[in-house]
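Descriptive analysis of the structure
Take a look at the letters that make up each chain.
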Amino acid sequence: MLGAALLLGGSVLLAGAVSPNGFEDGGTTQVSALMMFLGNENSVYILDKAEANAAQVKGHPAWGAVWDIQSRTSVVQDIRTNSFCASGMHLPNGSFVSFGGNDAVGPAQAHGSQKNPDGQTGAWDSQYQDFDGRKAIRVVKPCTISDDLNAGDCAWFDDPTQLAMKKFRWYSAVEPTGDGEIVIIGGFVTGGYINRWLPNTDPTFEGGGAEPTFEFFPARDGEPQILNFLVQTSGLNAYAHTYLMPSGRMFLQANLSTVIWDFNSNQETPLPPMPNGVVRVYPASGATAMLPLTPANNYEPTMIFCGGSDMEDEMWGDYWRPRFDTWTYPASKDCQRITPEPQDGSTPAYIQDDDMPDVGRTMGQFIALPTGKYLLINGGEFGTAGYAASGTPNTPLDQMPFGVSLAAGPVFKPALYDPTAPQGKRWSQDNLTASTIPRLYHSTAVLLPDASVLIAGSNPNPDVNLNTYFPTEYRAEVYFPYYFSAPVRPSPQNVPKTLSYGGDYFNITIPGSSYTGAANDAADSATVVLVRGGFSTHGMQMGQRYLQLNNTYTVNSDSSITLHVAQLPPNPNLFQPGPALLFVNIHEVPSNGTLLIIGNGQIGKQPTAAASTLPDNTRLDNVQGGKDGTAGTNGNPSSSSGDQNGNDSEKGSSKIPLIAGLAGGAALLLAMAAITVAIVRRKRGASRGGSMAEFSRIDVPSESGLPHSTTSPWAQHNASAVALVPSVTSKEPYHDVDDNWRSSMGPVGTGAPFVGGYRDDAAGHFRDSMHSGTSSVVDPYMTGGAPQRDFYDPYNHSNAGSAVNLTQTTSNAGGLANQAASRPAQQTYPPF
């Protein structure tokens with residue numbers, strides 16, 4: 001691998017072929033990377049929508065894959081339900097879960113060949129072999145490409161007859177609590193450009209198109225409640241921005257509205273609106289992130305919002321399409337910060353930040369780097385996310401200049417944001433290389449363990465299209481930030497596999513061979529940080545967080561440095577339980593990250609202890625780091641409380657020697673090349689997930705004797721799905737009680753009988769009900785003027801809500817039949 005980091009004499013050296021601030025070929029992802037997350041130290045997981053990818057799995061197009069970090073190759077993975085525009089999040093044990101999606105579709109995204117009882121949406125498609133994914137809950141434990149990714153414990157658990165949400169949700173938002181639960185918020189019922197009809201006479205349900213409720217995973221008792229914030233933000237509230245606050249409440253932002261929300265009591269506290277009329281949520285798709293939580297800011301969360309669009313309300317249109325030629329409208333350059341829970345008691349307010357450099361962006365995304373800076377990557381200079389398969393009111397489809405894309409002007413050059421720099425100097429593009437691949441709608445990016453960034457995706461098309469202006473993209477790239485110019489990187493030893501909330505500190509050793517210069521200076525500059533890259537989709541990093549652990553140090557006579565590192569602050573709301581990468585920075589050069597687990601690995605109240613008490617700094621004069629690890633002479637120890645945060649703003653990347661200046665350059669490069677070959681050829685099966693081995697695995701779903709309807713689309717067309725019931729061995733308390741899961745499988749709505757702005761019907765035309773306002777749209781919750789919520793569930797659930805039986809209640813031309821299948825007593829589900 002060209003950009004490999006090399007181990008030599010205990011230090012981490014950078015291969016000479018790496019181009020700092022530049023891109024390298026990342027191979028092919030085989031499916032377009034609509035969603036992406038780091039599964040373990042070896043693997044990145046990729047999800048697409050059900051579409052005509054050439055890659056096949058189990059006799060149908062693949063829309064899932066695993067990308068191997070070492071070889072930069074991918075292996076396809078089977079997913080049963082349509083994961084189009086789903087959401088996703090980590091779980092406390094290191095597994096990942098994906099929520100919702102779209103109904104079953106076939107070629108050109110026409111509704112599946114077998115219909116749901118509404119007669120419109122697809123239950124299953126005979127060609128793509130995808131099932132309706134709008135209620136799906138998909139769970140996977142990360143494996144490697146040397147494993148069988150489509151069998152046993154490495155396969156996605158994706159069976160809505162066993163595990164499902166209570167409501168259909170497409171473009172839902174998700175956020176974990178401090179207990180590791182996941183709050184699932186809002187979404188579309190079926191789909192469209194934005195989540196409303198015009199005129200907007202029903203801002204709550206939009207004639208059955210909007211889902212204004214929230215629910216939990218694992219499911220809580222009772223039906224999902226309406227979230228007033230989603231009514232207030234009607235239309236522009238897909239993929240709402242969500243951040244858990246230290247108080248345990250949640251920050252929500254969508255449309256122009258901002259609130260703090262207590263999800264336990266469903267109470268909202270209004271905050272100021274987004275300034276300057278700039279919309280940040282999909283499809284405006286501004287870049288958003290929580291800035292680093294550090295000892296210096298007392299772990300006070302601040303969010304930044306950059307880019308998006310300030311189009312007028314009418315221009316956004318409705319489910320069918322925008323009412324403006326969006327690709328002509330420049331994206332916003334505006335950036336705003338807000339601290340929702342100020343510790344000084346002041347009133348929360350948005351604060352104007354530096355504008356984005358050069359041009360505005362839609363669909364840009366922030367990637368938190370280990371050094372505390374943020375990489376802004378991907379996006380377009382004009383327009384919005386989404387696509388319009390029917391053209392716009394002003395431009396017929398055959399005259400749209402960029403195919404069906406609603407954006408134009410790909411922004412190829414990244415930008416770097418420094419949140420600690422003085423205002424007016426926070427952005428930089430100096431020496432940054434531009435990509436050559438447009439990354440527009442459905443692009444993703446994620447931080448890798450070596451502190452590089454994987455970039456993939458871009459597919460502003462209803463189905464695979466390789467011959468349009470912005471085609472379906474399978475090429476991946478790896479971007480190497482500025483710190484890859486360093487000749488040597490820290491090589492921390494004794495990194496733990498788990499961290500707790502408070503408790504005794506731990507020690508990390510930094511060998512003298514893995515830094516250069518004076519040991520005291522290196523120790524002063526050292527920081528230990530946790531980075532969670534999150535679930536990447538639609539310009540968002542769901543769950544991304546950065547937290548610096550407090551540390552002191554001892555400089556040793558052998559030139560090694562012992563870092564005394566505090567556990568996390570004793571508040572799980574600051575950094576929710578689950579997987580994270582631990583990096584050590586010295587002189588703003590990060591180590592390779594070590595994947596570990598924060599918390600106890602279970603959903604539930606996390607144990608806490610008193611904040612760690614650290615020893616004083618111990619310095620030693622005349623000690624130097626170097627590649628041979630030799631200590632200096634006449635070291636004079638001294639003890640000092642010093643800067644326990646390890647901040648050293650004077651030791652930036654500009655003072656790092658370049659690879660070209662490394663002593664013994666030719667000989668060393670030859671040695672490095674030999675080691676590169678050895679590393680690339682090493683056996684892929686070694687050490688699954690490194691330190692994640694104990695935590696990243698969920699128990700094996702195995703086939704057993706649960707009877708299913710043999711005439712249902714699920715059983716008829718995927719025999720391997722019949723009787724798929726987990727055989728549970730885990731002792732985790734939140735997955736193995738049947739009654740806990742029944743409430744997540746109760747009555748659901750059928751969804752509105754229209755297809756929304758992205759898709760036309762099988763004949764290639766939109767029906768009149770899609771663009772004539774609300775009068776011609778059937779509200780699935782109304783029958784004879786009375787509210788009606790208990791509708792047929794296509795996944796064998798009874799209309800009785802909490803009934804034990806999985807019952808087919810109706811039949812239709814799609815081939816569904818009346819037949820019941822009883823769930824065995826003490827039915828269990830996968831350990832999440």
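Coordinates for the structure precede this section.
Reference entry: report on the structure contained in this document. This structure is a prediction, so every number in the text was calculated from the model and none was measured.

Rules of the game
Residues numbered from 1 in each chain as written. Predicted model: local features only at pLDDT ≥ 70, side-chain atom pairs only at ≥ 80, totals over all residues. Heavy atoms only, no water. Helix = DSSP H or I, 4+ residues; strand = E, 2+ residues; numbered from the N terminus. Buried < 20%, exposed > 50% of the residue type's maximum accessible area, 1.4 Å probe, protein only. Contact = heavy atoms within 4.5 Å. Areas by Shrake-Rupley, 256 points an atom, 1.4 Å probe, with all protein chains shown as cover. Pairing = 2+ DSSP bridges. Axes fitted to C-alpha atoms, helices over the stretch in contact; angles between N-to-C directions. Phe/Tyr/Trp six-rings, centres within 6.5 Å; stacked < 30°, edge-to-face > 60°. Salt bridge = Lys/Arg side-chain N within 4 Å of Asp/Glu carboxyl O. Disulfide = S-S within 2.5 Å. Polar contact = N/O pair within 3.5 Å; in protein donor to acceptor, adjacent residues only side chain to side chain. Core = buried A, V, L, I, M, F, W, Y, C linked by side-chain atoms within 4.5 Å. Domains from an automatic or database assignment. 1 Å grid on protein atoms, 1.4 Å probe; cavity = no way out; pocket = protein on both sides within 12 Å on 5 of 7 lines; lining within 4 Å. Points joined across faces, edges and corners; volume = space filled by probe spheres on them. Nonpolar A, V, L, I, M, F, W, Y, C, P; charged D, E, K, R; others polar.

Notes on the overall build of the protein chain
Within the protein chain, the secondary structure is distributed over 5 helices and 57 strands. The burial tally for the protein chain puts 66% of its 832 residues in the buried class. Looking at the protein chain alone, contacts between residues at least 24 apart form 69% of all its contacts between residues at least 6 apart. Carbon and sulfur atoms form 51% of the exposed surface of the protein chain, whose accessible area is close to 26,200 Å².

As for the sheet that holds strand β24 (residues 303-306)
Read across the sheet, 4 strands follow the order β23-β24-β25-β26 without closing on themselves; strand pairing throughout is antiparallel. Strands with a single pairing partner mark the edges of an open sheet, and in this sheet they are β23 (287-290) and β26 (350-352). With direction set aside, neighbouring strand axes in the sheet form an average angle of 20°. In the sheet, β23 pairs with β24 via 4 bridges, with the strands oriented antiparallel.

Comments concerning the packing of aromatic side chains
Under the defined criterion, the tally for this structure stands at 35 aromatic pairs. Arranged with centres 6.1 Å apart and planes meeting at 25°, the rings of Y282 and Y441 form a pair that is stacked. With a gap of 159 residues between them, Y282 in the loop between β22 (267-271) and β23 and Y441 in the loop between β32 (427-428) and β33 (443-447) connect regions that are remote in the sequence. In this pair, the class of Y282 matches that of Y441, namely buried. Plain terms: the ring middles of F366 and Y417 are 6.2 Å apart, the flat faces sit at 55° to each other, and that makes the pair tilted. Placement of F366 in strand β27 (residues 365-368) and of Y417 in strand β31 (residues 415-417) is noted, with a sequence separation of 51 residues between them. The burial state of F366 is the same as that of Y417; both residues are buried.

Considering the pattern of salt bridges
Taken as a whole and assessed by the stated rule, the structure comprises 20 salt bridges. Across the pair D353 and R337 runs a salt bridge whose closest N-O atoms are separated by 2.9 Å. In this pair, D353 sits in the loop between β26 and β27 while R337 sits in strand β25 (residues 335-338), placing the two residues 16 residues apart along the sequence. Overall, R337 belongs to the buried group, its relative accessible area being 16%. In this structure, the salt-bridge partner of D418 is K373, at a minimum N-O distance of 3.8 Å. Here D418 is found in the loop between β31 and β32, whereas its partner K373 is found in the loop between β27 and β28 (374-377), with 45 residues between them in sequence.

Some thoughts on the state of the cysteines
This structure, assessed with the given rule, holds 2 disulfides. Between the sulfur of C306 and that of C335 lies a disulfide, 2.1 Å long from S to S. Given an S-S torsion of about 125°, the disulfide between C306 and C335 has right-handed geometry. Here C335 lies in strand β25 and C306 lies in strand β24, a separation of 29 residues in the sequence. There is no split in this pair, since C306 and C335 are both buried. Counting its disulfide-bonded cysteines in sequence order, the protein chain shows a connectivity of 1-2, 3-4.

Considering the pairing of β25
Residues C335 and R337 point to one face of β25 and Q336 and I338 to the other, with burial holding for every one of them. Alignment of β24 against β25, held across 4 bridges, turns out to be antiparallel. Bridge pairing links M303 to I338 in β25. Pairing analysis gives 3 bridges linking β25 to β26, with the strands arranged antiparallel. When the bridges of β26 are listed, R337 appears paired with I351.

A look at the side chain of S98
Assignment of secondary structure puts S98 in strand β11 (residues 96-99). Within the structure, S98 has its side chain in polar contact with the backbone oxygen of S87 (distance 3.4 Å). Residues contacting S98, with those up to four places away along its chain left out, are L47, A86, S87, G88, A136, I137, R138 and W156.

Thoughts on the nonpolar core
Within the largest apolar cluster, 85 residues are counted, with the highest numbers of intra-cluster contacts made by F99, Y171, I182, I185, F217 and W261. Each of domain 1 (22-485) and domain 2 (498-598) accounts for three or more of the residues forming this core. Setting aside residues no more than four positions away along its own chain, F99 makes contact with A86, S87, A136, I137, R138, M165, S172, V174, I182, I184 and F217. Judged by nonpolar contacts, the second largest core, of 57 residues, contains M36, I367, Y417 and V529.

Comments concerning empty space enclosed by the protein
A complete count under the given rule lists 9 cavities of 30 Å³ or more for this structure. Here the largest cavity defines a volume of roughly 150 Å³. T242, Y243, M540, Q541 and M542 are the residues nearest the centre of the largest cavity, which is lined by 16 residues in total. Taken together, the residues of the lining of the largest cavity sort by class into 6 nonpolar, 8 polar and 2 charged. Each pocket or cavity is described by its volume, and for the second largest cavity that value is around 120 Å³. In terms of lining, the second largest cavity is formed by 13 residues, of which the most central are L38, F96, R532, G533 and G534. Looking at the lining of the second largest cavity, the elements with two or more residues in it are β33, β40 (527-532) and β46 (578-586). When residues in the lining of the second largest cavity are grouped by element, the largest group, 3 residues, is from β46. Grouping the constituent residues of the lining of the second largest cavity by class yields 9 nonpolar, 3 polar and 1 charged.

Observations regarding unusual backbone geometry
The linkage connecting L198 with the following residue, P199, adopts the cis geometry, with an omega of -5°. Among the secondary structure elements, P199 is positioned in the loop between β16 (182-185) and β17 (213-217). Residue P218 is reached from F217 by a cis peptide bond, and omega for that bond is -10°. Assignment of secondary structure puts P218 in the loop between β17 and β18 (225-226). Even without being a glycine, N298 presents a positive backbone phi close to 55°. As for its placement among the helices and strands, N298 is situated in the loop between β23 and β24. According to the relative accessible area criterion, N298 is partly exposed, its value standing at 49%. In this structure, N378 is a non-glycine residue whose phi angle is positive, near 70°. The topology assignment puts N378 in the loop between β28 and β29 (380-387).

None of the figures reported here should be taken as evidence of function without further support.
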